[in-house]
Amino acid sequence: MKALYPGSFDPLTLGHLDLIRRGHELFGEIVIAVLENPTKVPSFSLKRRIYQIEQATKEIPGVEVTSFKGLTVECAKSHKAKLILRGLRAMSDFEYELQIAHTNRSLNQNMETVFLATETHHSFLSSSVVKEVARFGGKISHMVPDLVAKDLYNLYQENNKV
Ligand code: ADP
């Protein structure tokens, strides 16, 4: 079965990667769909976010990386994905995620959303937390794949020069 895993991935964390691995175990094929959000300026370009994910997932078979604008349900349909995969870190994620799942269901009655609970040791991880730590020169090697750690280092090194 094919699952769509949509998100900003700005940047990919080990929490995202864990969800991709477990999603792959459960469903076989995973399409990772990187959101191109015109209302938000990302830290990493769409192209770079896709590259970061491709590099981190190249050992996992059945993974495809793509981008999308607009409705997640339309993206899922165009890739023939039967379900949308999302992660739950804490109760605070739940309210928002449930609202999105209901919205998507109202737009497409055939679309299921499946939530996977994060590994406890990844439950504190978010792209924004990782960026906050990297900005102040903290250790991030246990939070993100190697390439992302390098990219974050370069990003904030550039910023600190200004
Ligand atoms: P969005 O802007 O769509 O929330 P994110 O890239 O922040 O995009 O997250 C994409 C998905 O990955 C969401 O379902 C989120 O709950 C999940 N996720 C984020 N961080 C983690 C983590 N540490 N462990 C597992 N899932 C996570």
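1. Quick word on the pairing of strand β4 (residues 83–88)
The buried fraction of β4 amounts to five of the six residues, a majority that puts the element mostly inside the structure. Where strand β1 (residues 2–7) and β4 come together, two bridges link them in parallel fashion. Bridge pairing in β4 links A3 to L83. The sheet contact formed by β4 and strand β5 (residues 112–117) spans six bridges and is parallel. Residue pairing in the sheet places L85 in a bridge with V114 of β5. With respect to chirality, the unit in which β4 leads through helix α4 (residues 91–107) into the neighbouring parallel β5 is right-handed.

2. As for the packing of aromatic side chains
Applying the stated criterion to the full structure yields one aromatic pair. On the basis of an interplanar angle of 80° and a centroid distance of 5.1 Å, the ring pair of Y5 and F9 is categorised as edge-to-face. As far as burial versus exposure is concerned, Y5 and F9 are alike and both buried.

3. Quick notes on the site of the ligand
Among the 15 residues in the neighbourhood of the ligand, the closest are listed as Y5, S8, F9, G87 and T118. Contacts to the ligand include Y5, whose side-chain N or O atom sits 2.7 Å from an oxygen atom. Contacts to the ligand include G87, whose backbone N or O atom sits 2.6 Å from an oxygen atom. Elements supplying a minimum of two residues to the shell around the ligand: β1, α1 (14–27) and β4. Considered class by class, the residues forming the shell around the ligand number five nonpolar, seven polar and three charged.

4. Digging into the side chain of R49
Residue placement: R49 occurs in helix α2 (residues 46–57). Although buried, R49 forms no salt bridge, and the nearest oppositely charged side chain, D10, lies 4.1 Å from it. Within polar-contact distance, the side chain of R49 engages the backbone oxygen of F44 at 3.0 Å. Excluding residues within four positions of it along the chain, R49 makes contact with S8, F9, D10, V34, L35, P42 and F44.

5. Overview of the sheet that holds β5
Taken in spatial order, the five strands of this open sheet run β3-β2-β1-β4-β5, and their pairing is parallel. Looking at the sheet topology across the chains shown, the edges are occupied by β3 (63–68) and β5. Looking at each pair of strands side by side, their axes are set apart by 30° on average, direction ignored. Examined bridge by bridge, strand β2 (residues 29–35) and β3 share six bridges and lie parallel to one another. Bridged to I30 within β3 is V63. Lying over the sheet, α4 contacts β4 and β5, oriented at roughly 170° with respect to β4.

6. Some words on the nonpolar core
Counting 31 residues, the largest nonpolar core has L12, I140, V144 and L152 as the members making the most contacts within it. Elements with a minimum of two residues in this core: β1, α1, β2, α2, β4, α5 (127–135) and α6 (146–161). Not counting chain neighbours up to four residues away, the residues in contact with I140 comprise V130, V133, A134, A149 and L152. Core analysis: the second largest hydrophobic core is formed by 10 residues, L4, C75, A76 and I84 among them.

Rules and cut-offs
Residues numbered from 1 in each chain as written. Predicted model: local features only at pLDDT ≥ 70, side-chain atom pairs only at ≥ 80, totals over all residues. Heavy atoms only, no water. Buried < 20%, exposed > 50% of the residue type's maximum accessible area, 1.4 Å probe, protein only. Helix = DSSP H or I, 4+ residues; strand = E, 2+ residues; numbered from the N terminus. Pairing = 2+ DSSP bridges. Right-handed = clockwise from strand over helix to strand, strands pointing away. Phe/Tyr/Trp six-rings, centres within 6.5 Å; stacked < 30°, edge-to-face > 60°. Near = heavy atom within 4 Å. Polar contact = N/O pair within 3.5 Å; in protein donor to acceptor, adjacent residues only side chain to side chain. Nonpolar A, V, L, I, M, F, W, Y, C, P; charged D, E, K, R; others polar. Lys, Arg positive; Asp, Glu negative; His and termini not counted. Salt bridge = Lys/Arg side-chain N within 4 Å of Asp/Glu carboxyl O. Contact = heavy atoms within 4.5 Å. Axes fitted to C-alpha atoms, helices over the stretch in contact; angles between N-to-C directions. Core = buried A, V, L, I, M, F, W, Y, C linked by side-chain atoms within 4.5 Å.

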